[in-house]
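The lines below spell out each chain.
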Amino acid sequence: MPTERAPTDRVPAERKRRRPTSSGVVLSADLIVDTACRLIDAHGAQAFTVRKLGAALGADPSAVYRYFRNTEDLLLALADRLIGESMTGFTATGDWVADLRDFGLRAYRSALRHPQIAVFSTLRVTGRPHEQRAVDTGIGLLLQAGFDEASAVRHYHALVDTVLGHAALDAGVLLLAPAQRAADERAWHAAYGTLPADEVPSLHRVRDHLPLMAGSAVEPALDLLLKALRHEAPNSAS
């Protein structure tokens, strides 16, 4: 998705539109992000342009640049919106292991609700308020577990990359054509489930369990990581 305008240092407040558009709405950063999210969810990131966004808003495309410096700025705002969605309703319980599990799965599930956005949002650092609060929350839970500052950052990095890596992978699977997904799932039965024991003894031994490979591995991977963190933590989980 190309950046459609060169970046500037900031968007002056006086440039923001105060009059209704031709569709009768007053533009805001939130409305633009909502509309962009809807367009990308429906048509994909590769088909998204500011011209199409302007048409959906009932405004000249240039009006978008009164709120966002360029397309990159808007996409980072979209990524930050997903992080904010993931944190909505999150409440720490005092059990840092359970809280980290909830924290990680919230990030994963938010991304999977918007797979077209997740294929790029999981790769980016937004530097925006929702991300800042999420990082503060995750690292805070690890500090609560008794890890020193450097260890808390390293472990947070491992945790968030685990869940976002799975989110990016599983979002890609969701974007496959239904026939492709069905063929991949069948392969674990047909191509792998009937292999002879003398050629691939390990695969033959586990053949009845291979269909598990068609599902997401995010929860097993997260649980393995949390088990290791619990073992290493200076403070035991409550």
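Residues numbered from 1 in each chain as written. Predicted model: local features only at pLDDT ≥ 70, side-chain atom pairs only at ≥ 80, totals over all residues. Heavy atoms only, no water.

## A few points about the overall build of the protein chain
A tally of helices and strands in the protein chain yields 10 helices and zero strands. Beginning at the N terminus, the succession of helices and strands in the protein chain can be written as α-α-α-α-α-α-α-α-α-α. For the protein chain, the proportion of its 238 residues judged to be buried stands at 38%. By sequence separation, contacts in the protein chain at least 24 residues apart represent 72% of the contacts at least 6 residues apart. Roughly 13200 Å² of accessible area belongs to the protein chain as shown, and the carbon and sulfur atoms make up 55% of that amount. (Helix = DSSP H or I, 4+ residues; strand = E, 2+ residues; numbered from the N terminus. Buried < 20%, exposed > 50% of the residue type's maximum accessible area, 1.4 Å probe, protein only. Contact = heavy atoms within 4.5 Å. Areas by Shrake-Rupley, 256 points an atom, 1.4 Å probe, with all protein chains shown as cover.)

## Notes on the nonpolar core
Counting residues in each nonpolar core, the largest one holds 31 residues, and the members touching the most others are Trp96 and Phe147. For this core, the secondary-structure elements that each account for two or more residues are helix H4 (96–113), helix H6 (129–144), helix H7 (149–174) and helix H10 (218–232). Sort the elements by how many residues they give to this core and H4 lands first, with nine residues. Core analysis: the second largest hydrophobic core is formed by 25 residues, Leu27, Val64, Ala77 and Phe120 among them. (Core = buried A, V, L, I, M, F, W, Y, C linked by side-chain atoms within 4.5 Å.)

## Considerations on the pattern of salt bridges
Inspection of every chain in the model, using the stated rule, returns nine salt bridges. Between Arg81 and Asp30 there is a salt bridge, with its nearest N and O atoms 3.6 Å apart. A residue pair is termed long-range when its members are at least 10 positions apart, and Arg81 in helix H3 (residues 71–87) and Asp30 in helix H1 (residues 29–43) qualify at 51 residues. Note on Asp30: relative accessible area 53%, which makes it exposed. Salt-bridge contacts for Arg101 lead to Asp223; the nearest nitrogen and oxygen are separated by 2.7 Å. Highlighted residues: Arg101 in helix H4 and Asp223 in helix H10, separated in sequence by 122 residues. Through salt bridges with shared partners, a single ionic network connects Arg101, Arg109, Glu219 and Asp223. (Salt bridge = Lys/Arg side-chain N within 4 Å of Asp/Glu carboxyl O.)

## Quick word on the environment of Val153
By secondary structure assignment, the location of Val153 is in helix H7. Assessed through its relative accessible area of 45%, Val153 is described here as partly exposed. Counting along the chain gives 15 residues from Val153 to Gly138, while the straight-line C-alpha distance between them is 9.1 Å.

## What to know about the packing of aromatic side chains
In this description, an aromatic ring pair is defined by two values, namely the gap between the centres and the angle between the planes. Counted under the stated rule, the structure contains four aromatic pairs. A network of ring pairs unites the aromatic residues Phe90, Phe103 and Tyr156 as a single cluster. (Phe/Tyr/Trp six-rings, centres within 6.5 Å; stacked < 30°, edge-to-face > 60°.)

## With respect to the packing of H4 against H10
At their nearest, the axes of H4 and H10 sit 10 Å apart, and the two run at 150° to each other. Classed by the angle they form, the pair H4 and H10 counts as roughly antiparallel. Once H4 is placed against H10, the crossing between them reads as right-handed. Counting all contacts with H4, which are made through Trp96, Val97, Leu100, Arg101, Leu105, Tyr108 and Arg109, the residues of H10 involved are Val218, Glu219, Leu222, Asp223, Leu226, Leu229 and Arg230. Residues of the contact of H4 with H10, tallied by class, amount to nine nonpolar, no polar and five charged. (Axes fitted to C-alpha atoms, helices over the stretch in contact; angles between N-to-C directions. Parallel < 35°, antiparallel > 145°, perpendicular 65-115°, else oblique. Left-handed = near helix turned anticlockwise from the far one by under 90°. Nonpolar A, V, L, I, M, F, W, Y, C, P; charged D, E, K, R; others polar.)

## Comments concerning the UniProt feature "DNA-binding region" (unreviewed entry) in the protein chain
In the numbering used here, UniProt assigns the "DNA-binding region" (unreviewed entry) feature to residues 49–68. Along residues 49–68 one finds 40% helix and 0% strand; the C-alpha atoms at either end are 14 Å apart. (UniProt positions renumbered as here; feature names shortened; annotations may be inferred.)

## Regarding H4
A rise of 1.5 Å per residue sets the reference length of H4, with its 18 residues, at 26 Å; its end C-alpha atoms lie 26 Å apart and thus fit the reference within 8%. When we look at burial in H4, the residues that qualify are Trp96, Val97, Asp99, Leu100, Phe103, Gly104, Leu105, Ala107, Tyr108, Ser110, Ala111 and Leu112. In the core, the buried residues of H4 are packed alongside H3, helix H5 (115–121), H6, H7 and H10. With a side-chain oxygen lying 3.2 Å from the backbone nitrogen of Val97, the N-terminal cap of H4 falls on Asp95. (Expected span 1.5 Å × (residues − 1). Polar contact = N/O pair within 3.5 Å; in protein donor to acceptor, adjacent residues only side chain to side chain.)

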